[in-house]
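An overview of the molecular structure
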Amino acid sequence: MTDLAWIDAALTAARPQAVAALLRYFRNLDTAEEAFQNACLRALNHWPQNGPPRDAAAWLIMVGRNAQLDEVRRSRKQTALPDEAAISDLDDAEGQVAERLDNADYRDDILRLLFICVHPELPATQQVALALRIVSGLSVRQIARAFLVGESAMEQRLTRAKAKVAEAEVPFEAPGAPERAERLAAVAAMVYLIFNEGYSAGGESAADRAPLCEEAIRLARLLLRLYPAEPEIMGLTALMLLQHSRAAARFDAQGQIVLLDDQDRTKWNGKFIAEGIALIDKAMRHRRPGAYQVQAAIAALHARAATPADTDWSEIDLLYQTLERLQPSPVVTLNRAVAVSKLQGPEAALAMLEPLAARLGNYFHFHGVKGAFLQQLGRLKEAKLAFDRAIALANTPAEAAHIRQHLDKLNVSS
Amino acid sequence: MQYAILCYHQEDVVGAWSKEQDDAVMARLIVVQDKLVKQGRLGPVARLLPTTAATTLRKDSDPPLVIDGPFAETKEQLLGFYIVDCTSLDQALETARELAAANPGGSYEIRPIGYFAPNGSSGK
């Protein structure tokens, strides 16, 4: 089975490792990408007959490097071209490269490639776009569609982002342990950003953006293969798997948001849930709690509940308290208020919102949640005000439409 | 005789398949499975979650060490298995060939089973 779609999957899988190693050779992103492109072209010529080689990444690194060196020599108009025979015996060369580049090299290479995208001067969305382009190898058109912008606008953004990255001095020696941990944390945050770009999309654009969620999960699994004993990477992967497991149930046929309580749980992806729960179980063993692990544990409690009534809200409340300690934020407290409303009723939950008003006054979810609590308390006029405010702050048409449904119910009952 | 047909593949490549590609492979494998069921030759079948979900208990030290990840770092990973009743190695190979034709890439290890307890009973 050697048709192009399968070869494409093999090239996609090998890309992070190959581009990362080529970047170390050439110390220049454009050159590394060009070398990889050249190698892919050769792969498309060679692989269809015999299928991809056993170590596709090593093949691509070797061929990409040689092709690029040829190009440089040619452009310098040197007469002495390399001996073709020297690169024609790929089996041998492949073995040598594979030997030289052991796992530790690959790890640092790939981490570096991801890390250069996390450039502090680049806005988050550009970091994400850059990573999708150079690490994941998504086409400019795919990325443009995911960000709902035109292709040429995205092309320009990527060019500017690459220029920024090229100016930055990224050290090429192997990082020390503290530096490696720092890079890993920054890269993990970026992977979660990619996920959220996909996850937070509204109904009608959800299909265009779903690939971002899948790509983020693929990158997280890659990180986890490189750093198998990092509980926060397990937590991050679990969190994304558990959230993405609900993708088919989060919007109805009209693209309207369906809340967790109302979702058809048979549409949840059981395989993702199993993998997410397995990872969170593994992570907990390390007894090094972190924000991703706690959020994943919360998502796992929702995933384990066969019906909304089975949800273990007291455990969720405890986990949110842990999260408040690890990563204090009014948004975390807002989420805990929802758990408290289930445990102690809307009055206690509403009291928790008061101190948050100053900091979350412009936050869509704050007013949506507040409106829901007020509605449960029968304070319908105040609920309407909160919902109106939420609609004004909605980030997507689907969010606004969802709050309008609440308003419609209010109008019926008042 | 019972054979285990162990399926190895590079999981990063399998992970790069689109959902359509993955579904297509599964649909083709189901055809082969159905045929084996009709012949009364198919035992348990499993597709394993990625090795990133694996944990290994190593007995090199006492007490045994718990390690995150698969037992061995290999180019191709054990991603699933079939238990199939076969009259001979030739028949087992024939079955593996049919499974291989349904699945792009990867390798199959055909391993005769010495002890089999499908329901956890004392076996045969």
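Here is a short report on the structure shown in this document.

Some remarks on the overall build of chain A
When its secondary structure is counted, chain A shows 21 helices and 0 strands. Looking at chain A as a whole, 51% of its 414 residues are labelled buried. Long-range contacts, defined as pairs at least 24 residues apart, comprise 64% of the intrachain contacts of chain A with a sequence gap of at least 6. Total accessible area on chain A is roughly 19,400 Å²; 51% of this is exposed by carbon and sulfur atoms. Seen as two clouds, the 47 positive and the 51 negative side-chain charges of chain A have centres 3 Å apart.

What about the interface of chain B and chain A?
Listed as interface residues are 27 residues of chain B and, on the opposing side, 25 residues of chain A. Of the roughly 2,200 Å² buried at the junction of chain B and chain A (both faces included), carbon and sulfur atoms supply 59%. Sorting the residues of chain B by area buried against chain A places Leu49, Thr52 and Asp68 of chain B first, and these three jointly supply 28% of that buried surface. At the surface where chain B touches chain A, the tally comes to 2 salt bridges. Here aspartate 55 of chain A makes a salt bridge to lysine 75 of chain B, at a shortest N to O gap of 3.4 Å. Between the two partners, chain B and chain A, sit 6 residue pairs in polar contact (both at pLDDT 80 or more). Those elements that provide at least two residues to the side of chain B that touches chain A are helix H1 (11-16), helix H2 (19-38), strand E4 (65-68) and helix H3 (89-102) of chain B. When residues in the side of chain B that touches chain A are grouped by element, the largest group, 5 residues, is from H1 of chain B.

Concerning the packing of helix H1 (residues 4-26) of chain A against H2 of chain B
Direction vectors running N to C along H1 of chain A and H2 of chain B enclose 120 degrees, while the axes themselves pass 12 Å from each other. Judged by the angle between their axes, H1 of chain A and H2 of chain B are oblique. Of the two elements, H1 of chain A crosses H2 of chain B, and the hand of that crossing is left-handed. Here Ala5, Trp6 and Ala9 of chain A of H1 of chain A come into contact with H2 of chain B, specifically with Gln21, Val25 and Arg28 of chain B. Of the residues assigned to the contact of H1 of chain A with H2 of chain B, the class counts are 4 nonpolar, 1 polar and 1 charged.

Focus: unusual backbone geometry
Put simply, aspartate 62 of chain B and proline 63 of chain B share a cis peptide bond, and its omega is 0 degrees. Mapped onto the elements, proline 63 of chain B comes out in the loop between strand E3 (55-58) and E4. Phi is positive for arginine 27 of chain A, close to 55 degrees, though the residue is something other than glycine. Here arginine 27 of chain A shows up in the loop between H1 and helix H2 (29-50). Residue arginine 27 of chain A is classed as exposed on the basis of its relative accessible area of 53%. Phi is positive for leucine 148 of chain A, close to 55 degrees, though the residue is something other than glycine. Along the polypeptide, leucine 148 of chain A turns up in the loop between helix H8 (140-146) and helix H9 (151-167).

Remarks on the side chain of aspartate 22 of chain B
Here aspartate 22 of chain B shows up in helix H2. Residues in contact with aspartate 22 of chain B, not counting those within four places in the same chain, are Val14, Trp17 and Arg47 of chain B.

With respect to the packing of aromatic side chains
Applying the stated criterion across every chain yields a total of 5 aromatic pairs over all chains. Seen in terms of ring centroids, tryptophan 6 of chain A and tryptophan 17 of chain B are 5.1 Å apart; in terms of plane orientation they differ by 80 degrees. Their pairing is edge-to-face. Of this pair, tryptophan 6 of chain A sits in helix H1 while tryptophan 17 of chain B sits in the loop between H1 and H2, which puts the two residues in different chains. Tryptophan 17 of chain B shares its class with tryptophan 6 of chain A; the two are buried. On the numbers, 5.8 Å between centres and 80 degrees between planes, the contact of tyrosine 192 of chain A with tyrosine 292 of chain A is edge-to-face. Of the two residues, tyrosine 192 of chain A is situated in helix H10 (residues 177-199) and tyrosine 292 of chain A in helix H14 (residues 291-304); the sequence distance between them amounts to 100 residues. Tyrosine 292 of chain A shares its class with tyrosine 192 of chain A; the two are buried. A network of ring pairs unites the aromatic residues Tyr192, Phe195, Tyr199 and Tyr292 of chain A as a single cluster.

Rules and cut-offs
Residues numbered from 1 in each chain as written. Chains lettered and ligands numbered in written order. Predicted model: local features only at pLDDT ≥ 70, side-chain atom pairs only at ≥ 80, totals over all residues. Heavy atoms only, no water. Helix = DSSP H or I, 4+ residues; strand = E, 2+ residues; numbered from the N terminus. Buried < 20%, exposed > 50% of the residue type's maximum accessible area, 1.4 Å probe, protein only. Contact = heavy atoms within 4.5 Å. Areas by Shrake-Rupley, 256 points an atom, 1.4 Å probe, with all protein chains shown as cover. Lys, Arg positive; Asp, Glu negative; His and termini not counted. Charge placed at Lys NZ, Arg CZ, Asp CG, Glu CD. Buried area = accessible area lost by both parts, 1.4 Å probe. Salt bridge = Lys/Arg side-chain N within 4 Å of Asp/Glu carboxyl O. Polar contact = N/O pair within 3.5 Å; in protein donor to acceptor, adjacent residues only side chain to side chain. Axes fitted to C-alpha atoms, helices over the stretch in contact; angles between N-to-C directions. Parallel < 35°, antiparallel > 145°, perpendicular 65-115°, else oblique. Left-handed = near helix turned anticlockwise from the far one by under 90°. Nonpolar A, V, L, I, M, F, W, Y, C, P; charged D, E, K, R; others polar. Phe/Tyr/Trp six-rings, centres within 6.5 Å; stacked < 30°, edge-to-face > 60°.

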